[in-house]
Amino acid sequence: MSIANTAAQAMLSDALLRDSNGDSRIRHLELDLPLDKVIKFISVGLPLLLVSMAFAREISIGPQISCFPPNNFTVKQAAYVDTYCWDSLMHHEFDTDGNFEERSLWVHKMFPYSLLVMATMMYLPAVIWRYLAVPSLTSDLFFIIDELDKSYNRSVRLAQSILDLKEQSESPLQFQAELER
C-alpha cells in the first residue's frame with residue numbers, strides 16, 4: 001500500500017509532515033478538520049480558562065463579594081457576616097430610602113460552575129464523534145485505501161506489461177496487434 005496509502009493520508013489529513021515512527025494504520029488517519037479543532041479549542045478552552053481565572057482570583061485576592069456589616073462589627077464579625085451571606089446566597093442591604101433589601105447572589109456563586117457545564121457540553125460532540133463515528137469511518141476508509149492500492153497496483157502491472165510488449169515486438173504493427181489483443 002505505497003502510493004495509494006500515502007495519497008489517502010494526504011487527502012484525509014491536515015498535517016503537512018506525517019509521523020513516520022509508527023506503523024499503526026489508525027494513527028495516520030486524521031478524521032478531524034482543522035476548523036473543527038480550532039472551534040473545539042475555543043469553545044472548550046475559553047470557558048475553562050474563565051473558570052480557572054475566576055477560581056484563581058477567588059483564591060488569591062479573597063472573596064469578591066462582601067455583605068453590608070454594621071459599622072460597630074469587628075473584623076471577625078464582618079467576616080462571619082460575609083460568610084453567612086455567601087452561604088445563604090443572599091445579600092442584605094439598605095437602599096437609598098433606608099428600606100431593607102435582599103438580593104440573590106446565586107448567579108455570582110454558580111457562574112464558574114455554569115461555565116464548567118458549558119465547556120463539558122461543548123466537548124460532548126467531539127467525544128461522540130470520536131467514539132461513535134470514527135470507528136465506522138475508519139473501517140470504510142481502510143476499505144477505500146485498500147481498493148485504491150489494488151487499483152494502483154493493477155494499473156502499474158498493466159503499464160509494465162505494455163512496456164514489455166513494446167520491447168518484445170519488432171514492428172509497431174505487431175505491437176499494435178498485441179496491444180489490442
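Since the structure is predicted, the reported quantities are computational estimates derived from the model, not experimental observations.

Analysis parameters
- Residues numbered from 1 in each chain as written.
- Predicted model: local features only at pLDDT ≥ 70, side-chain atom pairs only at ≥ 80, totals over all residues.
- Heavy atoms only, no water.
- Helix = DSSP H or I, 4+ residues; strand = E, 2+ residues; numbered from the N terminus.
- Contact = heavy atoms within 4.5 Å.
- Areas by Shrake-Rupley, 256 points an atom, 1.4 Å probe, with all protein chains shown as cover.
- Pairing = 2+ DSSP bridges.
- pLDDT = per-residue confidence, 0-100.
- 1 Å grid on protein atoms, 1.4 Å probe; cavity = no way out; pocket = protein on both sides within 12 Å on 5 of 7 lines; lining within 4 Å.
- Points joined across faces, edges and corners; volume = space filled by probe spheres on them.
- Nonpolar A, V, L, I, M, F, W, Y, C, P; charged D, E, K, R; others polar.
- Expected span 1.5 Å × (residues − 1).
- Bend = angle between axes of the 7 residues up to and from the residue.
- Buried < 20%, exposed > 50% of the residue type's maximum accessible area, 1.4 Å probe, protein only.
- Axes fitted to C-alpha atoms, helices over the stretch in contact; angles between N-to-C directions.
- Parallel < 35°, antiparallel > 145°, perpendicular 65-115°, else oblique.
- Left-handed = near helix turned anticlockwise from the far one by under 90°.

Asker: Can you tell me about the overall build of the protein chain, naming the residues and giving the values?
Answerer: Of regular secondary structure, the protein chain possesses six helices and two strands. Mapped from its N terminus to its C terminus, the protein chain presents α and β elements in the order α-α-α-α-β-β-α-α. The contacts of the protein chain with a sequence gap of at least 6 include a subset with a gap of at least 24, amounting to 46%. Of the accessible surface of the protein chain, which amounts to about 13900 Å², a share of 65% is contributed by carbon and sulfur atoms.

Asker: Outline the pairing of strand β2 (residues 100-104), listing residues and values.
Answerer: The sheet contact formed by strand β1 (residues 90-94) and β2 spans five bridges and is antiparallel. For H92, the partnering residue across the bridge sits in β2 and is E102. Hairpin connection, β1 to β2: the antiparallel pair is bridged by five residues, and G98 has positive phi, about 90°.

Asker: Outline the confidence of the model for the protein chain, supporting the account with residue identities and numerical values.
Answerer: Residues at a pLDDT of 70 or more form 77% of the protein chain, whose mean pLDDT is 77. Note that pLDDT drops below 50 for residues 14-19; the model gives that stretch 10 contacts with residues more than four away or on any other chain.

Asker: Pulling in residues and values, what's your account of the layout of surface pockets?
Answerer: Taken as a whole, the second largest pocket spans an internal volume of roughly 190 Å³. Lining the second largest pocket, in full, are D32, D36, K37, I39, K40, S43, M122, P125, A126, W129 and R130. Those elements giving two or more residues to the lining of the second largest pocket turn out to be α3 (34-61) and α5 (106-168). In terms of residue class, the lining of the second largest pocket is built from five nonpolar, one polar and five charged.

Asker: Outline α5, listing residues and values.
Answerer: Here α5 is 63 residues long and its end C-alpha atoms lie 89 Å apart, about the 93 Å a rise of 1.5 Å per residue gives. Of all the bends found along α5, the most pronounced is centred on V134 and spans about 45°, while P135, a proline, follows it within four residues. Restricting attention to buried positions, one finds in α5 the residues P112, L115, A119, V134, T138, L141, F142, I145 and D149.

Asker: Lay out the packing of α3 against α5 in plain terms, naming residues and giving numbers.
Answerer: The interhelical angle for the contact between α3 and α5, taken along N-to-C directions, is 155°, at an axis separation of 9 Å. The angle between α3 and α5 places the two elements in the roughly antiparallel class. With respect to the hand of their crossing, α3 and α5 are arranged in left-handed fashion. For the pair α3 and α5, the contacting residues are K40, S43, V44, P47, L48, L50, V51, A54 and F55 in the first and P112, Y113, L115, L116, M118, A119, M122, Y123, A126 and R130 in the second. Classifying every residue of the contact of α3 with α5 by side-chain character gives 16 nonpolar, one polar and two charged.

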